Amino acid sequence: METVTLNTGIKFPIIGSGTNTFGKVDHAYQGEINGDTTEILMAIDAGYRHFDTAISYRNESVVGKALGESKKARNEFFITSKIPGKQEYYADKEAVKKGVKQSLQALNTAYIDLYLIHHPWDNLVQMLSMWQVLEDYVDQGKLKAIGVSNFNEKELGYLIENGRIKPAVNQVESHPRNWNDVIINYSLAQEVVPEAWGPLTRVSDQAKEKLSEIGAKYNKTWAQVILRYQIERGVVVIPKSHNQKRQEQNLEIFDFKLSDEDKQFISAQ
Ligand SMILES: NC(=O)c1ccc[n+]([C@@H]2O[C@H](COP(=O)([O-])OP(=O)(O)OC[C@H]3O[C@@H](n4cnc5c(N)ncnc54)[C@H](OP(=O)(O)O)[C@@H]3O)[C@@H](O)[C@H]2O)c1
């Protein structure tokens, strides 16, 4: 598995699996948790070792259960989780600690590889205060790396300037029609690894058609073209599929290289 190196020196698998509808009735985001580990075990079988969950997804316990069922060592996996940018979790230092403890317990693990603030809110000072608690957990070894999600330049810049530990990752929405180049390029320039959420959603039929034409040159699908484009520009991807074949396809992106001309075309989609 290819990796990128975080500014902490930790190796971060360049592709992981999203999980936000796994372990839920009808695979509905808001669905009741049913503890079903099928898709995660399928993904582990396919070769995924990096999983992206969050307190808000309510399925950290399903991810933890699947890791146990896999019988693989904890250090074979890279697990990301996220603490909500909600008052309930940032009201004071105890509220932040409650969130981290909740994640560690639900994932049934002694440490989390990467822990993100899920969304920014309109108070930079409060965000820094949450960040400082996360920094303490890094010191204790319970969080190996910390980062943010959905942060713009101002919000990320504030933490870079005022935090003791620099954010390692900024996970943002990125896909055709909304590549989010400004924040991705800013993150790269700051040595904060950008990570694309929703890499395969909201892709129009028209874009799929055009990207399939590019893919045909390499014997790849539109989805593989998108994922390859992202990793070639240093963006980590976390596609999610409930289908074994598509999970496998999403990993088959390391045996071709897009031409500069094709990358230019893709960036315009
Ligand atoms: N930080 C944040 O605020 C945030 C927000 C949203 C999501 N996320 C994270 O990002 C992850 C990924 O985003 P996402 O789950 O919204 O969507 P996604 O991975 O972009 O797309 C998922 C959809 O694409 C389909 N798909 C997957 N692989 C495919 C392929 N090779 N060919 C054709 N279709 C394919 C899946 O259908 P099938 O299942 O039928 O294959 C599913 O409907 C989430 O699971 C979550 O972990 C983070």
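Just so you know, these numbers come straight off a predicted model, no measurement behind them.

*Asks:* What should I look at first to understand helix H4 (residues 93–107) in this one?
*Replies:* Note: α-helices contain 3.6 residues per turn, so residues at a spacing of three or four share the same orientation. Its 15 residues give H4 an end-to-end C-alpha distance of 21 Å, which sits within 8% of 21 Å, the value for a rise of 1.5 Å per residue. For H4, every residue scored as buried is listed here: Ala95, Val96, Gly99, Val100, Ser103, Leu104 and Leu107. Buried residues in H4 make contact with helix H2 (60–70), strand E5 (78–83), helix H3 (87–90), strand E6 (114–117) and helix H5 (124–139). Where H4 starts, the residue carrying a side-chain oxygen 3.1 Å from the main-chain nitrogen of Glu94 turns out to be Asp92. Once H4 finishes, Asn108 follows within two positions and takes phi at roughly 55 degrees, a positive value.

*Asks:* Any chance you could explain the site of the ligand here in plain terms?
*Replies:* If you check the shell around the ligand, you find 26 residues, and the closest are Asp52, Leu200, Ser241, His242 and Arg246. Within the contact set of the ligand, an oxygen atom lies 3.4 Å away from a side-chain nitrogen or oxygen of His118. Summarising the interface, the protein chains cover 83% of the accessible area of the ligand, which totals 900 Å² for the free molecule. Of all the secondary-structure elements, those providing two or more residues to the shell around the ligand are helix H9 (222–232) and helix H10 (244–251). Here the shell around the ligand gets 3 residues from one element, more than from any other, and that element is H10. Tallied by class, residues from the shell around the ligand come to 8 nonpolar, 14 polar and 4 charged.

*Asks:* Could you clarify how one ought to interpret the UniProt feature "site: Lowers pKa of active site Tyr" (unreviewed entry) in the chain in this entry?
*Replies:* Following the UniProt record, the feature "site: Lowers pKa of active site Tyr" (unreviewed entry) maps to Lys82 here. In this fold, Lys82 is placed in strand E5. Lys82 sits in the buried class, given a relative accessible area of 0%. Leave out the neighbours within four places in its chain, and Lys82 touches Asp52, Thr53, Ala54, Ile55, Tyr57, Tyr115, Leu116, His118 and Gln171. In terms of polar contacts, Lys82 uses its side chain to reach the side chain of Asp52, at 2.6 Å.

*Asks:* Just checking my understanding: could you explain the pairing of strand E8 (residues 169–173) for this structure?
*Replies:* As a general feature of sheets, a regular strand has side chains that alternate between the two faces. Along E8, 5 of the 5 residues are buried, which leaves the element largely enclosed by surrounding structure. Sheet analysis places strand E7 (residues 146–149) next to E8, joined by 2 bridges and oriented parallel. Bridge pairing in E8 places Val148 opposite Asn170. Crossover E7 to E8 through helix H6 (residues 153–162) is right-handed.

What counts as what
- Residues numbered from 1 in each chain as written.
- Predicted model: local features only at pLDDT ≥ 70, side-chain atom pairs only at ≥ 80, totals over all residues.
- Heavy atoms only, no water.
- Helix = DSSP H or I, 4+ residues; strand = E, 2+ residues; numbered from the N terminus.
- Expected span 1.5 Å × (residues − 1).
- Buried < 20%, exposed > 50% of the residue type's maximum accessible area, 1.4 Å probe, protein only.
- Contact = heavy atoms within 4.5 Å.
- Polar contact = N/O pair within 3.5 Å; in protein donor to acceptor, adjacent residues only side chain to side chain.
- Near = heavy atom within 4 Å.
- Areas by Shrake-Rupley, 256 points an atom, 1.4 Å probe, with all protein chains shown as cover.
- Nonpolar A, V, L, I, M, F, W, Y, C, P; charged D, E, K, R; others polar.
- UniProt positions renumbered as here; feature names shortened; annotations may be inferred.
- Pairing = 2+ DSSP bridges.
- Right-handed = clockwise from strand over helix to strand, strands pointing away.

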